[in-house]
Amino acid sequence: MSKVVVIGGGPAGMMAAITAAKNGNKVTLIERNDILGKKLLITGKGRCNLTNSCDIDGFIANIPVNARFMYSALKAFDNHALMEFFENRGVKLKEERGGRIFPESDKAMEIQSALIKSLKTEGVEIQRGRVQKILTDENGVCGVAFEGAKKILCDSVILATGGKSYPLTGSTGDGYAMAKELGHDIVPPKPSLVPLEVVDRSLCELQGLSLRNIGLKVKDQSNSKVLYEDFGEMMFTHFGITGPTVLSASAFVRDIAGKTVELDLKPALSEEKLEDRIKRDFEMYSNKDFVNALCDLLPSKMIPIVADRCGIPHTKKVNQITKENRRKLVEVLKHFTIEIKCTRPIAEAIVTSGGVSVKQIKPSTMESKLVTGLFFAGEIIDVDAYTGGFNLQIAFSTGYMAGMNA
């Protein structure tokens with residue numbers, strides 16, 4: 001019987017520990033937090049979007065960083081295997097828009113509880129503490145050292161300490177230091193799936209406003225080239241913008257500062273059809289002020305800002321609106337431009353981009369190419385994806401792969 005130590009009690013670490021124990025190993029899971037899966041509890045706004053229903057090609061298409069590295073792990077433990085894992089443990093699942101899979105209860109705690117129960121069922125020993133160093137000898141990994149003098153001897157270690165996003169959940173980058181000390185290259189961590197700060201502070205007056213079914217493009221200001229395009233939801237905040245389309249844009253366009261986000265507020269209508277729609281509204285509200293004639297087109301919070309961008313006085317009567325005014329309104333609605341100042345800090349990112357270089361990890365086992373008996377799982381690896389359940393699937397698949405081979 002081999003002795004396996006898993007460092008980190010997030011989704012990747014718990015799956016690694018469960019799998020390694022099922023394979024007949026004696027497993028110790030070490031977690032610095034008081035509870036396991038702390039970050040898991042806040043994923044998907046507390047609902048836990050644990051995977052996606054798309055096929056493997058769909059997964060690869062949604063992993064912008066080192067997608068090819070994930071082929072083996074996704075084939076070994078795919079979304080169907082993950083869903084079966086939880087359903088066999090009494091967790092009922094449901095599918096929502098975009099193939100997103102959630103627990104039917106909408107409670108991330110149900111996913112966390114199923115994992116913790118499985119750890120107990122498989123006899124995994126759970127210890128609280130902070131590992132400072134992975135010990136090695138001429139044969140590779142031989143143990144771990146805690147703060148103070150405490151040590152645990154073992155045959156292999158699975159490092160699943162996460163990235164640097166949401167540090168209050170324990171993701172403080174400790175694993176990077178341990179991996180680097182053993183000779184691994186660390187791709188500098190950056191925020192991914194992160195909200196964006198905007199240049200125009202007047203947009204912050206829209207705080208709390210959610211927009212659904214909008215078109216979003218990220219453009220290069222220098223040449224107006226479209227760098228990213230999406231459709232879906234977004235929200236205004238006290239600093240700028242967030243929401244699924246915005247977060248995915250931040251993952252796709254790595255250097256997004258100084259770029260512009262262009263919103264199509266009426267993507268279902270061509271410019272011609274939108275102008276026809278505006279004509280009808282204006283005929284109906286012909287004796288009203290301009291701002292009071294936009295109530296059927298826009299949320300009330302957006303009306304003053306759109307009116308300002310059109311350059312039309314708010315109190316101008318609708319029956320005095322010119323053809324040029326209408327066309328300007330169409331242009332603003334179809335091309336509502338937002339200049340991006342910067343991303344929010346990595347502490348506010350959903351996931352970390354960067355981490356241990358995949359060039360130094362065997363994709364078929366998750367074992368280090370440099371240190372025998374050292375395995376990696378989850379966000380510590382330089383792989384990240386868009387929103388939609390893809391990042392948690394990466395965590396579970398790499399955790400499974402590491403647990404199978406440790």
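Our structure's up above, just so we're on the same page.
Throughout what follows, the structure given in this document is the object of discussion. Chains are numbered independently. Their residues run from 1 in the order of the written sequence. Totals for whole chains, interfaces and linings use all residues, but because this is a predicted model, local features are given only for residues with pLDDT of at least 70 and pairs of side-chain atoms are given and counted only at 80 or more. In computing side-chain properties, one takes all heavy atoms of the structure into account and sets aside hydrogens as well as water.

Now for the overall build of the chain. Secondary structure elements are taken from DSSP: a helix is a run of H or I of four residues or more, a strand is a run of E of two residues or more, and numbering for both begins at the N terminus. Helix and strand counts for the chain stand at 11 helices and 19 strands. Dimensions of the chain along its principal axes, counting C-alpha atoms only, are 85 × 45 × 35 Å. In the chain, which comprises 406 residues, the share counted as buried stands at 54%. Whether two residues are in contact is decided by their heavy atoms: any pair within 4.5 Å suffices. Across the chain, the fraction of contacts at a sequence separation of at least 24, relative to all contacts at a separation of at least 6, is 71%. Every accessible area reported is derived by Shrake-Rupley at a probe size of 1.4 Å, with residue values counting cover from the shown protein chains alone. When the accessible area of the chain is evaluated, it comes to approximately 17600 Å², of which 49% is carbon and sulfur surface. For the purpose of charge, His is not counted, nor are the chain termini; Lys and Arg are scored as positive and Asp and Glu as negative. Each charge is placed at NZ for Lys, CZ for Arg, CG for Asp and CD for Glu. Separation of charge centres in the chain, based on 53 positive and 48 negative side chains, amounts to 2 Å. Each residue gets one of three labels from its accessible area relative to the maximum for its type: buried under 20%, exposed over 50%, partly exposed in between, using a 1.4 Å probe on protein chains only.

Its 14 residues give helix 8 (residues 271-284) an end-to-end C-alpha distance of 20 Å, which sits within 8% of 20 Å, the value for a rise of 1.5 Å per residue. Of the residues making up helix 8, those classed as buried are Leu 274, Glu 275, Ile 278, Asp 281 and Phe 282. Buried residues of helix 8, viewed axially, fall in a sector of 120°; they line one side. Facing away from the buried surface of helix 8 by more than 90 degrees, the exposed residues are Glu 272, Lys 273, Arg 280, Glu 283 and Met 284. Between the first and last residue of a helix there are one fewer steps than residues, each counted as 1.5 Å, and that sum is the expected span. Throughout, the arc means that of the directions going from the helix axis to the C-beta atoms.

Another point: the sheet that holds strand 10 (residues 156-159). The strand order across the open sheet formed by 5 strands is 6-2-1-10-19, and the pairing between neighbours is parallel. The sheet is open, and its two borders are formed by strand 6 (125-128) and strand 19 (374-376), each paired with just one other strand. Averaged over all adjacent pairs, the angle separating strand axes in this sheet is 20°, with direction ignored. The pairing of strand 1 (residues 3-7) with strand 10 spans 4 bridges and is classified as parallel. Directly across from Val 5, in strand 10, lies its bridge partner Val 157. Helix 1 (residues 11-22) contacts strand 1, strand 2 (26-31) and strand 10 of the sheet and is inclined by roughly 165° relative to strand 2. Between N-to-C directions, angles span 0 to 180 degrees; the directions come from axes that are lines fitted to C-alpha atoms, helices contributing only their stretch in contact. The sheet contacts of helix 11 (residues 390-405) involve strand 10 and strand 19, and relative to strand 19 the element is tilted by about 160°. Strands pair, by our definition, only if DSSP identifies at least two bridges between them.

With respect to the element layout, Thr 365 can be found in the loop between strand 18 (351-356) and strand 19. Judged by its relative accessible area of 16%, Thr 365 is buried. Under this definition, polar contacts are N or O atom pairs within 3.5 Å; protein pairs additionally need one hydrogen-donor-capable and one acceptor-capable atom, and for neighbouring residues in sequence, both atoms have to be side-chain atoms. Reaching out from Thr 365, the side chain makes a polar contact with the backbone nitrogen of Glu 367 at a distance of 3.1 Å. Those residues in contact with Thr 365, other than ones at most four positions away along the chain, are Phe 375, Met 401, Ala 402 and Asn 405.

Between helix 1 and helix 5 (residues 108-121), whose axes approach to 9 Å, the crossing angle comes to 30°. With respect to their mutual orientation, helix 1 and helix 5 come out roughly parallel. Taken as a pair, helix 1 and helix 5 cross one another with a handedness that is left-handed. Together, Met 14, Met 15, Ala 17 and Ile 18 of helix 1 and Leu 115, Ile 116, Ser 118 and Leu 119 of helix 5 make up the contact between the two elements. Here the nonpolar group is Ala, Val, Leu, Ile, Met, Phe, Trp, Tyr, Cys and Pro; Asp, Glu, Lys and Arg are the charged ones; every other residue, Gly included, is treated as polar. Class assignment for the residues of the contact of helix 1 with helix 5 results in 7 nonpolar, 1 polar and no charged. Oblique is the label for every angle not falling under 35 degrees (roughly parallel), over 145 degrees (roughly antiparallel), or within 65 to 115 degrees (roughly perpendicular). Rotating anticlockwise by less than a right angle from the far helix to the near helix defines a left-handed crossing, while the corresponding clockwise rotation defines a right-handed one.

To continue, consider the packing of aromatic side chains. Pairing of aromatic rings covers Phe, Tyr and Trp, the last counted by its six-membered ring, and requires centre-to-centre distances within 6.5 Å; plane angles under 30 degrees mean stacked, over 60 mean edge-to-face, and any other angle means tilted. Taken as a whole and assessed by the stated rule, the structure comprises 8 aromatic pairs. Pairing Phe 77 with Tyr 400 gives two aromatic rings, centres 4.5 Å apart and planes at 15°, and the pair type is stacked. Of the two residues, Phe 77 sits in the loop between helix 3 (71-76) and helix 4 (79-87) while Tyr 400 sits in helix 11, which places them 323 residues apart along the sequence. Ring centres of Phe 86 and Phe 396 lie 5.8 Å apart, and the angle between their planes is 70°; on these two criteria the pair is classed as edge-to-face. Here Phe 396 lies in helix 11 and Phe 86 lies in helix 4, a separation of 310 residues in the sequence. Residue classification places Phe 86 among the buried residues on the basis of a relative accessible area of 0%. You can call Phe 396 buried: its relative accessible area is 0%. A connected cluster of aromatic rings, assembled from ring pairs, spans Phe 85, Phe 86 and Phe 396. Remark: a charge is flagged as sitting over a ring if the NZ atom of Lys or the CZ atom of Arg is within 6 Å of the ring centre and within 35 degrees of the ring normal. If you follow Arg 344 out to its NZ or CZ, it ends over the ring of Phe 239, 4.1 Å from the centre.

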